[in-house]
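Below, each chain spelled out in residue letters.
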4 protein chains.
Amino acid sequence: MADHELRVGVIGVGLMGTDHAHRIARRLANARLVAVSDPDTARAQAVAGLYDGVRAIDDVLDLVDDDDVDAVVIASPGPVHEEQVLACLEAGKYTLCEKPLTTESASSLRLVRAERDRGKPLIQLGFMRRFDPEYVRMKELLSTGRLGRTLVVHNTHRNKDASDSFRSEMIVRDSLVHEVDVARFVFDEEIEEITVLSPAPSGHSPRGVVDPQVAIFRMTGGGVVTNEVFIRSQVGYEVRCEVVCERGTVIAGRPWGGLYSTAVGEADGSWGGAVPADFRARFARAYDLELQAWVDACHRGEVVGPSTWDGYAATAVCEAGLKSLATGAPVPVDLADVATLG
Amino acid sequence: MADHELRVGVIGVGLMGTDHAHRIARRLANARLVAVSDPDTARAQAVAGLYDGVRAIDDVLDLVDDDDVDAVVIASPGPVHEEQVLACLEAGKYTLCEKPLTTESASSLRLVRAERDRGKPLIQLGFMRRFDPEYVRMKELLSTGRLGRTLVVHNTHRNKDASDSFRSEMIVRDSLVHEVDVARFVFDEEIEEITVLSPAPSGHSPRGVVDPQVAIFRMTGGGVVTNEVFIRSQVGYEVRCEVVCERGTVIAGRPWGGLYSTAVGEADGSWGGAVPADFRARFARAYDLELQAWVDACHRGEVVGPSTWDGYAATAVCEAGLKSLATGAPVPVDLADVATLG
Amino acid sequence: MADHELRVGVIGVGLMGTDHAHRIARRLANARLVAVSDPDTARAQAVAGLYDGVRAIDDVLDLVDDDDVDAVVIASPGPVHEEQVLACLEAGKYTLCEKPLTTESASSLRLVRAERDRGKPLIQLGFMRRFDPEYVRMKELLSTGRLGRTLVVHNTHRNKDASDSFRSEMIVRDSLVHEVDVARFVFDEEIEEITVLSPAPSGHSPRGVVDPQVAIFRMTGGGVVTNEVFIRSQVGYEVRCEVVCERGTVIAGRPWGGLYSTAVGEADGSWGGAVPADFRARFARAYDLELQAWVDACHRGEVVGPSTWDGYAATAVCEAGLKSLATGAPVPVDLADVATLG
Amino acid sequence: MADHELRVGVIGVGLMGTDHAHRIARRLANARLVAVSDPDTARAQAVAGLYDGVRAIDDVLDLVDDDDVDAVVIASPGPVHEEQVLACLEAGKYTLCEKPLTTESASSLRLVRAERDRGKPLIQLGFMRRFDPEYVRMKELLSTGRLGRTLVVHNTHRNKDASDSFRSEMIVRDSLVHEVDVARFVFDEEIEEITVLSPAPSGHSPRGVVDPQVAIFRMTGGGVVTNEVFIRSQVGYEVRCEVVCERGTVIAGRPWGGLYSTAVGEADGSWGGAVPADFRARFARAYDLELQAWVDACHRGEVVGPSTWDGYAATAVCEAGLKSLATGAPVPVDLADVATLG
């Protein structure tokens, strides 16, 4: 490893990967962007060209094996994650893998096992909420025990809009999955049953798409989580978590914080502020902190944050959620027995 | 009817009835408290003695038939409501009946029919939320159509504490029933299915009592309502309603409005305010407005606000909710066919 | 006095008097509107005609002396208050006098003396803020002593707009006067010096009118109050009071409480609520509570709320404020010596 | 300059300098901490020892002249700033100088002139508020022109507590100075007159210390700014700015944003959150953004953010403020004529 800078290669330079590349190049301490790779090699070269001393490497696996790459960020589409994560494990490189770990629980479980077989954790999953300052403080407050046990959680997840190709299943896999991780994070428990209800859809939903959705989780300790996921809310990106405990409640993500103004409106005066336009505006800080925490942990030879197991569990819950979406009935979540993982 | 004052008799002078008696005597315009009645005649006499010119009448039915009583407030326990409401209908007197209309849907339906047979509505149900200024403004905003159709609602209903005799069933019948009415009010639709989930209870719940509860309603138009009801939250009385529409959302009852202070706390400084201690503090204004609206409507010869049908529907939903509480499974709500009511 | 209803006559049926007449007729308990009087006799007859059994009396002083009038509300213009209040004192009738008591401190002081000479207080001044629930709770919180002594106060007073005839002096007399009373109410002290600063005016101010204004009060105990008064803010009616104490702060009147919504806006989504359009919307409840408290006190034979002295002090401070408005320099407030009032 | 990392030396490793050193070493991109210097050489060595490859240099001026130091952060006490800034100018090194620029306006003006004489700006002043995300968004919103001209501003500046050695003058120089810069930043104008009022002090103030203080600024364009500065508020660190414009208002720094909880309190339940303990908690993010902006600008060969002129003007306003503190009367601010600066 370089004297004091972690040399990072980024796989996949779509929206998320490009953001991460820029973050590493321009905002993180003790890390340096050294390489990018993407099946769209022209795009990889364009991104590499934005920064001094960054190479575009045609073959993703070459990037993983490159001696000048200390650590890898995987921001490629979910279906190719298994092969890429396995390569990183074999190369013994610290890896930050964007969610999902993989798109099916079976392959995710294979990665959990492969990492355990190596004997040393290397993979951090990209559930950035766990690094958002409000979620962090909420978790800290819950951990003090002052509020007693957590009983019920209500998550709100609203997006401004989406293309017609964003179908009901993707709402479960790509949006609800964040609330799946939040529920597991808040309770420190697994989800043992999921129900996905289909309200009459908004007129802004394409024909056949269930949007909004309401999902119910039952936790292994008996807690209940209700979730509203609404991808075409037209308003903006609003993510909130209300935790109800035995002796108090906590809310993270109230949109009514922040800059406040009154102004002359159309019809009358109003007070308030702006709802963030998208997840990048809302969670920019969480991404920065997530990647910096990852870089710092790499320097210490550790892995922090969500693990491959968290990635596997999230995928398994969403699989059950997809079955429930089809029927509206509760579906149990069958997780591998941790004890038998080796 | 007296020249300009509605002469009101109050049946039942427990907590709620005593409040209403005082409200009529001291805070309402164009109404006068003239009589009270209660099986505990000593208590009735004590309450009557607080105000000039108020009689305690031993027999409830005598109060209803008294020529000096223009209108009746029923604040007795639910099980005796059927007989008392019937007496009011027979006497042709305007009546404000505290919820529940009756304790079973069959008897409630009998009252709906009895009122229709008389040909002229006389009964207003005591769902005071419909008169709370924030709920009123929320309903007005929804009615403008600017936000599009209502899709999903999340209700929060927390109480500070309750005696051990307040069992799981009472949480459904006495607490959740308010959210049942709110859901019907917000959507202008019936509830066609209810599910009551049983989270692992708070350590402050007596053995065998399910508290908090999470209830799910499906509306006839396909909307979904999630409800958290927590009677022993330890904190205070917190009632909130978040409505999610096609082009915007509304929240009524945010506790973080109102008087705000910072102060030197135990461990550190904090900002915030006080959660209302109970429903009387939170809804004092709603009760005033509810009763004044009733008095004003009586003067005009009208009935406003929730009807016997609203009382019947709420009771029927809670009956289904009790069945669901036992199993955790969805239970359909079977309402009488309005068309056949005559 | 009638058996249980206070028979009230209202003098002056402009905007404010008409509101009060309606309030007494339709919203107050144990009070009855029996007479109105106004120099515009046609208008008085029109208002009287809205309610059963209300007479229009041509001569104001006849109304005061009428045997069927138990108590009087004065809502006429300030310049005629002295004569009318004196008549009420002579007739020995309880009186609620809208602010200002009179338009000059000399005449106000004559009324203070006249009332003291009679030996029994009869007059309540119409500073309704003292009955607004948030100001009341703020005062209660300060009175507990938990926050220590009050040191500094910042008042915000914004109105949506005003006609061009509302000049700089009227901003002091009619708007700032409320903050004068708030400062005296919060500190329980007199104002000993006032400075009125003239910021460069808004483009919405007529030529020669100073709007907004910034006023500074020094209290007799050494406290300092800063006030922003802005009558043509274009947005709405916003009245706030922030009190800074030795061990904490309090804010009454945060506009960001209350009903909350998000919605699709012009350019982007936003969260927030509506600023009240005017003082009648903001303080409707305070007026109701003020008049009910007055009626209840009349029944008990007492006077509550702000007194003629409070009215005199407010007028004297505003007189000094007008001098300061002309120069921008601090002007001392010379109040009569209470001890010599007799 | 090194290939891609700015090599930074930090002068002064007290509280602020140590924070900055850590920030550069651990949180900033494209910068490296290479040297520290402090009269307390043992402390400098201790701080240097925390990071790999950082030298402690005994003589401050040696650090400035060191060939391996590309840029300098000055976090030493104000009285030694003039000599150090001059050395940086002579060495031609980009410099971030913590406020104050110097402790008297005469020496500050000498530095303004010295920098202009060199022909190329090198110095950024450490007014971090200008990099706080809320202040940035507020300024952006004002700059759109949608709210019209800025008319009046009210700043709130509260600190939890201070040692007895923090005297009245230091409240002006070290605390109010931030509001001086905010006023100039918000209006894009100079302050032409300052008044510092002395309310009766809090019981937590040492004998002879004026705390809280109320300061009034008049801007060159006629705007008025009121400021409350309270260093021993006991509660926490609360910094807020309310800007009143012709067609709307903006508030930055509302403490009631952020994480929200209810909990069982001493006497009753309450809602709210925690007030930040100190300026480092409140403005941690602003400091990060300030230093990253500085590093990025150095790489581009530019200077961004507040200038030596801003530092000079702030010092000159505070000098006038100290005179006003002694008398309570307005004191004009005499700034050098920019045109004659050469």
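Refer to the structure presented above.
A brief report on the enclosed structure follows. Since we're looking at a predicted model, the values are computed, not measured.

### Some thoughts on the overall build of chain A
Point 1. Along the backbone of chain A there are 9 helices and 15 strands.
Point 2. At 21 Å, chain A has a C-alpha radius of gyration in line with the 20 Å of a compact globule built from 342 residues.
Point 3. Oriented by its inertia axes, the alpha-carbon framework of chain A measures out at about 55 × 55 × 45 Å.
Point 4. Buried residues in chain A amount to 62% of all 342 residues.
Point 5. The long-range share in chain A, meaning contacts at least 24 apart out of those at least 6 apart in sequence, stands at 73%.
Point 6. Total accessible area on chain A stands at roughly 12000 Å², and carbon and sulfur atoms take up 50% of it.

### Quick look at the interface of chain D and chain B
Point 1. Each partner contributes residues to the interface: chain D has 21 residues there, and chain B has 21 residues.
Point 2. Taken together, the two surfaces of chain D and chain B that pack against each other cover about 1700 Å², and 62% of this comes from carbon and sulfur.
Point 3. The three residues of chain D that bury the most area against chain B are Val235, Tyr260 and Trp271 of chain D, which together make up 37% of that side's buried surface.
Point 4. Where chain D meets chain B, there are 0 salt bridges.
Point 5. Put simply, the parts of the chain that give the side of chain D that touches chain B at least two residues each are strand S13 (260-264) and strand S14 (269-274) of chain D.
Point 6. Looking at the side of chain D that touches chain B element by element, the count peaks at 6 residues for S14 of chain D.
Point 7. Its residues placed into classes, the side of chain D that touches chain B shows 10 nonpolar, 7 polar and 4 charged.
Point 8. Relative to S14 of chain D, strand S14 (residues 269-274) of chain B runs antiparallel, the two being bridged by 5 bridges.

### Quick notes on the side chain of Thr102 of chain A
Point 1. With respect to the element layout, Thr102 of chain A can be found in the loop between strand S5 (94-97) and helix H5 (105-118).
Point 2. Non-local contacts of Thr102 of chain A, meaning those with residues more than four positions away in its chain, are made with Gly78, Glu82, Ser107, Ser108, Leu111 and Thr315 of chain A.

### Digging into the packing of helix H4 (residues 81-91) of chain A against H5 of chain A
All names here are of chain A.
Point 1. Two numbers describe how H4 lies on H5: the axes approach to 10 Å, and their chain directions differ by 0 degrees. With respect to their mutual orientation, H4 and H5 come out roughly parallel. Here Glu82, Val85, Leu86 and Leu89 of H4 lie close against H5, whose contacting residues are Ser107, Arg110, Leu111, Ala114, Glu115 and Arg118.
Point 2. A breakdown of the residues in the contact of H4 with H5 according to their chemical character gives 5 nonpolar, 1 polar and 4 charged.

### Some thoughts on the interface of chain D and chain C
Point 1. Facing the 40 residues of chain D at the interface are 40 residues of chain C.
Point 2. In total, about 2900 Å² of surface goes out of reach between chain D and chain C, with carbon and sulfur atoms giving 62% of it.
Point 3. Where chain D meets chain C, there are 4 salt bridges.
Point 4. Salt-bridge contacts for Glu242 of chain D lead to Arg158 of chain C; the nearest nitrogen and oxygen are separated by 2.8 Å.
Point 5. Applying the counting criterion to the chain D and chain C interface returns 12 residue pairs in polar contact (both at pLDDT 80 or more).
Point 6. At the level of secondary structure, the elements contributing two or more residues to the side of chain D that touches chain C comprise strand S7 (150-158), strand S9 (213-219), strand S10 (224-230), strand S11 (238-245) and strand S12 (248-252) of chain D.
Point 7. Its residues assigned to classes, the side of chain D that touches chain C comprises 17 nonpolar, 13 polar and 10 charged.

Parameters at a glance
Residues numbered from 1 in each chain as written. Chains lettered and ligands numbered in written order. Predicted model: local features only at pLDDT ≥ 70, side-chain atom pairs only at ≥ 80, totals over all residues. Heavy atoms only, no water. Helix = DSSP H or I, 4+ residues; strand = E, 2+ residues; numbered from the N terminus. Rg over C-alpha atoms; globule rule 2.2 N^0.38 Å. Buried < 20%, exposed > 50% of the residue type's maximum accessible area, 1.4 Å probe, protein only. Contact = heavy atoms within 4.5 Å. Areas by Shrake-Rupley, 256 points an atom, 1.4 Å probe, with all protein chains shown as cover. Buried area = accessible area lost by both parts, 1.4 Å probe. Salt bridge = Lys/Arg side-chain N within 4 Å of Asp/Glu carboxyl O. Nonpolar A, V, L, I, M, F, W, Y, C, P; charged D, E, K, R; others polar. Pairing = 2+ DSSP bridges. Axes fitted to C-alpha atoms, helices over the stretch in contact; angles between N-to-C directions. Parallel < 35°, antiparallel > 145°, perpendicular 65-115°, else oblique. Polar contact = N/O pair within 3.5 Å; in protein donor to acceptor, adjacent residues only side chain to side chain.

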